Amino acid sequence: MNYHVDAKTALLTDVVYQPSPNCDARPPGCVVDLIVIHGISLPPGEFGGPYITQLFTNQLNTAAHPYFKDIASRQVSSHLLLRRDGRVIQYVPFDKRAWHAGESFYQGRTRCNDFSIGIELEGTDDIPYTDAQYTRLVEVAAGLLHDYPHLSAQHITGHSDIAPGRKTDPGTSFDWQRFRHLLSVQLG
(Lines give C-alpha, C1' and ligand atoms only; values in the text may rest on other atoms or scores of the structure.)
Protein backbone atom coordinates (compact mmCIF):
# COMPACT_ATOMS: atom_id res chain seq x y z
CA MET A 1 0.00 0.00 0.00
CA ASN A 2 1.19 3.51 -0.75
CA TYR A 3 0.51 5.95 2.05
CA HIS A 4 0.48 9.70 1.52
CA VAL A 5 -0.31 12.66 3.71
CA ASP A 6 -3.29 14.76 2.70
CA ALA A 7 -1.92 18.30 2.49
CA LYS A 8 -5.16 19.87 3.77
CA THR A 9 -5.77 17.63 6.78
CA ALA A 10 -2.20 16.48 7.60
CA LEU A 11 -3.62 12.96 7.91
CA LEU A 12 -2.52 9.76 6.22
CA THR A 13 -4.84 8.69 3.45
CA ASP A 14 -6.76 5.43 3.89
CA VAL A 15 -6.40 5.06 7.66
CA VAL A 16 -8.81 5.27 10.59
CA TYR A 17 -8.69 8.64 12.35
CA GLN A 18 -9.52 8.77 16.08
CA PRO A 19 -8.85 12.37 17.17
CA SER A 20 -6.92 12.78 20.40
CA PRO A 21 -7.22 15.93 22.49
CA ASN A 22 -3.65 15.32 23.67
CA CYS A 23 -1.86 17.50 21.16
CA ASP A 24 -1.10 21.12 20.49
CA ALA A 25 0.55 23.41 17.97
CA ARG A 26 4.16 22.85 17.03
CA PRO A 27 6.45 25.80 17.79
CA PRO A 28 6.50 28.46 15.05
CA GLY A 29 9.00 27.65 12.32
CA CYS A 30 9.50 24.10 13.60
CA VAL A 31 10.54 21.58 10.94
CA VAL A 32 9.51 17.94 11.31
CA ASP A 33 12.71 15.96 10.81
CA LEU A 34 12.53 12.94 13.14
CA ILE A 35 10.42 9.78 13.39
CA VAL A 36 10.26 8.08 16.79
CA ILE A 37 9.25 4.42 17.04
CA HIS A 38 7.51 3.32 20.24
CA GLY A 39 6.02 0.12 21.63
CA ILE A 40 2.82 -0.08 23.68
CA SER A 41 0.43 -2.70 24.99
CA LEU A 42 -2.53 -2.26 27.31
CA PRO A 43 -2.79 -3.95 29.68
CA PRO A 44 0.94 -4.69 29.57
CA GLY A 45 1.62 -7.75 27.45
CA GLU A 46 -1.93 -7.96 26.07
CA PHE A 47 -2.97 -7.06 22.54
CA GLY A 48 -6.08 -6.23 20.56
CA GLY A 49 -8.31 -4.40 22.99
CA PRO A 50 -9.69 -0.86 22.85
CA TYR A 51 -7.45 0.44 25.62
CA ILE A 52 -4.70 2.18 23.64
CA THR A 53 -7.30 4.27 21.83
CA GLN A 54 -9.06 4.91 25.15
CA LEU A 55 -5.77 6.08 26.69
CA PHE A 56 -4.94 8.38 23.77
CA THR A 57 -8.45 9.89 23.85
CA ASN A 58 -8.65 10.30 27.67
CA GLN A 59 -11.39 7.68 27.97
CA LEU A 60 -9.51 4.81 29.62
CA ASN A 61 -11.89 2.57 31.58
CA THR A 62 -10.13 2.25 34.94
CA ALA A 63 -12.43 -0.60 35.98
CA ALA A 64 -11.21 -2.80 33.11
CA HIS A 65 -7.78 -3.56 34.66
CA PRO A 66 -6.00 -2.60 37.90
CA TYR A 67 -3.03 -1.15 35.98
CA PHE A 68 -5.26 1.45 34.36
CA LYS A 69 -5.79 3.33 37.62
CA ASP A 70 -2.08 4.27 37.57
CA ILE A 71 -2.10 5.64 34.02
CA ALA A 72 -5.61 6.97 33.40
CA SER A 73 -4.70 10.55 34.29
CA ARG A 74 -1.79 10.69 31.84
CA GLN A 75 -2.44 12.84 28.83
CA VAL A 76 -0.49 11.13 26.08
CA SER A 77 -0.88 10.48 22.38
CA SER A 78 0.97 9.48 19.30
CA HIS A 79 0.48 10.37 15.69
CA LEU A 80 -0.02 6.75 14.68
CA LEU A 81 -0.62 3.28 16.10
CA LEU A 82 0.19 0.13 14.11
CA ARG A 83 -1.82 -2.80 15.42
CA ARG A 84 -0.48 -6.37 15.45
CA ASP A 85 -2.43 -7.12 12.26
CA GLY A 86 -0.99 -4.06 10.49
CA ARG A 87 -4.06 -1.82 10.82
CA VAL A 88 -3.14 1.85 11.16
CA ILE A 89 -4.93 4.31 13.42
CA GLN A 90 -4.07 8.01 13.41
CA TYR A 91 -4.70 10.11 16.52
CA VAL A 92 -2.97 13.42 15.79
CA PRO A 93 -2.49 15.24 12.47
CA PHE A 94 1.18 15.53 11.52
CA ASP A 95 1.11 19.32 11.59
CA LYS A 96 0.37 19.15 15.33
CA ARG A 97 2.59 18.10 18.20
CA ALA A 98 1.58 14.72 19.65
CA TRP A 99 2.54 14.05 23.26
CA HIS A 100 4.55 10.85 22.80
CA ALA A 101 8.20 11.48 23.67
CA GLY A 102 8.07 13.23 27.04
CA GLU A 103 11.39 14.46 28.38
CA SER A 104 13.71 13.66 25.50
CA PHE A 105 16.69 14.70 23.43
CA TYR A 106 18.07 13.92 19.97
CA GLN A 107 21.37 15.09 18.56
CA GLY A 108 21.70 17.98 21.00
CA ARG A 109 18.05 19.09 20.80
CA THR A 110 15.54 18.66 23.60
CA ARG A 111 11.73 18.41 23.46
CA CYS A 112 11.54 15.88 20.64
CA ASN A 113 7.74 16.20 20.46
CA ASP A 114 8.32 19.60 18.85
CA PHE A 115 9.99 18.21 15.72
CA SER A 116 9.03 14.54 15.53
CA ILE A 117 6.35 12.16 14.37
CA GLY A 118 5.52 9.43 16.89
CA ILE A 119 4.60 5.94 15.71
CA GLU A 120 3.43 3.39 18.26
CA LEU A 121 3.70 -0.32 17.49
CA GLU A 122 1.35 -2.53 19.47
CA GLY A 123 3.83 -4.75 21.24
CA THR A 124 6.28 -5.16 24.08
CA ASP A 125 10.02 -4.97 24.54
CA ASP A 126 10.36 -8.76 24.56
CA ILE A 127 7.67 -10.18 22.25
CA PRO A 128 8.58 -10.05 18.55
CA TYR A 129 6.64 -7.59 16.42
CA THR A 130 4.62 -9.08 13.57
CA ASP A 131 5.42 -9.31 9.87
CA ALA A 132 2.33 -7.18 9.20
CA GLN A 133 3.69 -4.45 11.46
CA TYR A 134 7.06 -4.36 9.71
CA THR A 135 5.35 -4.24 6.32
CA ARG A 136 3.01 -1.44 7.37
CA LEU A 137 5.74 0.51 9.20
CA VAL A 138 7.92 0.45 6.08
CA GLU A 139 5.01 1.60 3.90
CA VAL A 140 4.06 4.39 6.33
CA ALA A 141 7.66 5.52 6.80
CA ALA A 142 8.23 5.59 3.04
CA GLY A 143 5.12 7.74 2.59
CA LEU A 144 6.22 10.14 5.32
CA LEU A 145 9.74 10.38 3.88
CA HIS A 146 8.21 11.22 0.51
CA ASP A 147 5.79 13.84 1.83
CA TYR A 148 8.05 15.52 4.41
CA PRO A 149 11.29 16.60 2.70
CA HIS A 150 13.17 17.20 5.95
CA LEU A 151 12.64 13.62 7.13
CA SER A 152 15.26 11.02 6.25
CA ALA A 153 15.77 7.32 6.85
CA GLN A 154 18.82 8.21 8.95
CA HIS A 155 16.62 10.08 11.42
CA ILE A 156 14.29 7.29 12.51
CA THR A 157 14.97 6.25 16.08
CA GLY A 158 13.48 4.48 19.08
CA HIS A 159 11.91 6.01 22.16
CA SER A 160 14.68 4.38 24.19
CA ASP A 161 17.26 6.32 22.17
CA ILE A 162 15.75 9.73 22.88
CA ALA A 163 14.90 8.99 26.53
CA PRO A 164 17.64 6.59 27.68
CA GLY A 165 17.28 5.30 31.21
CA ARG A 166 13.64 6.40 31.24
CA LYS A 167 12.20 4.40 28.34
CA THR A 168 13.05 1.01 26.81
CA ASP A 169 10.66 0.78 23.88
CA PRO A 170 10.39 -0.46 21.22
CA GLY A 171 12.75 -2.87 22.98
CA THR A 172 15.05 -5.66 21.97
CA SER A 173 12.19 -7.38 20.15
CA PHE A 174 12.23 -4.68 17.46
CA ASP A 175 14.54 -5.74 14.63
CA TRP A 176 16.13 -2.48 13.50
CA GLN A 177 18.28 -4.23 10.88
CA ARG A 178 15.21 -5.85 9.31
CA PHE A 179 13.28 -2.58 9.35
CA ARG A 180 16.12 -0.58 7.80
CA HIS A 181 16.71 -3.19 5.11
CA LEU A 182 13.02 -3.35 4.18
CA LEU A 183 12.83 0.45 4.13
CA SER A 184 15.86 0.75 1.85
CA VAL A 185 14.27 -1.78 -0.54
CA GLN A 186 10.96 0.14 -0.44
CA LEU A 187 12.71 3.42 -1.15
CA GLY A 188 14.58 1.82 -4.04
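Presented here is a report on the structure given in the accompanying data block. (Residues numbered from 1 in each chain as written. Predicted model: local features only at pLDDT ≥ 70, side-chain atom pairs only at ≥ 80, totals over all residues. Heavy atoms only, no water.)

## Here we look at the nonpolar core
Ranked by size, the top nonpolar core spans 29 residues in total, and within it Leu12, Ile119, Leu144 and Phe179 carry the most contacts. Looking at this core, the elements with two or more residues in it are strand E3 (34-40), strand E4 (80-82), strand E9 (116-122), helix H3 (131-147) and helix H5 (176-187). No other element matches the eight residues that H3 contributes to this core. Aside from chain neighbours lying at most four places away, what touches Leu12 is Tyr3, His4, Val5, Leu80, Val88, Gln90, Phe94 and Val140. By size, the runner-up hydrophobic cluster in this structure holds 14 residues, among which are Cys23, Leu42, Ile52 and Ile71. (Core = buried A, V, L, I, M, F, W, Y, C linked by side-chain atoms within 4.5 Å. Buried < 20%, exposed > 50% of the residue type's maximum accessible area, 1.4 Å probe, protein only. Helix = DSSP H or I, 4+ residues; strand = E, 2+ residues; numbered from the N terminus. Contact = heavy atoms within 4.5 Å.)

## Concerning unusual backbone geometry
Trans peptide bonds make up most of the peptide bonds, and negative phi angles are found at most residues other than glycine. Residue Pro43 is reached from Leu42 by a cis peptide bond, and omega for that bond is -15 degrees. Mapped onto the fold, Pro43 is located in the loop between E3 and helix H1 (51-56). Here the residue pair Asp169 and Pro170 is connected by a cis peptide bond, since its omega of 10 degrees sits within 30 degrees of zero. Examined against the element boundaries, Pro170 turns out to sit in the loop between helix H4 (159-162) and H5. Within the chain, Ala10 stands out as a residue other than glycine whose phi angle is a positive 60 degrees. Looking at the secondary structure, you find Ala10 in the segment before strand E1 (16-17). Since its relative accessible area comes to 5%, Ala10 is described here as buried.

## Notes on the pattern of salt bridges
Across all of its chains, the model carries eight salt bridges by this definition. Here Arg87 makes a salt bridge to Asp85, at a shortest N to O gap of 2.8 Å. Asp85 sits in the partly exposed class, given a relative accessible area of 45%. Taking the shortest distance from any N to any O, the salt bridge between Arg178 and Asp131 comes out at 2.7 Å. (Salt bridge = Lys/Arg side-chain N within 4 Å of Asp/Glu carboxyl O.)

## Description of H5
Across its twelve residues, H5 extends 16 Å between first and last C-alpha, which sits within 8% of the 16 Å expected from 1.5 Å per residue. The opening residue of H5, the one whose side-chain oxygen lies 3.2 Å from the backbone nitrogen of Gln177, is Asp175. Trailing H5 by a residue or two, Gly188 shows a phi angle of about 75 degrees, which is positive. (Expected span 1.5 Å × (residues − 1). Polar contact = N/O pair within 3.5 Å; in protein donor to acceptor, adjacent residues only side chain to side chain.)

Remember, this is a structural readout, not a statement about activity or role.
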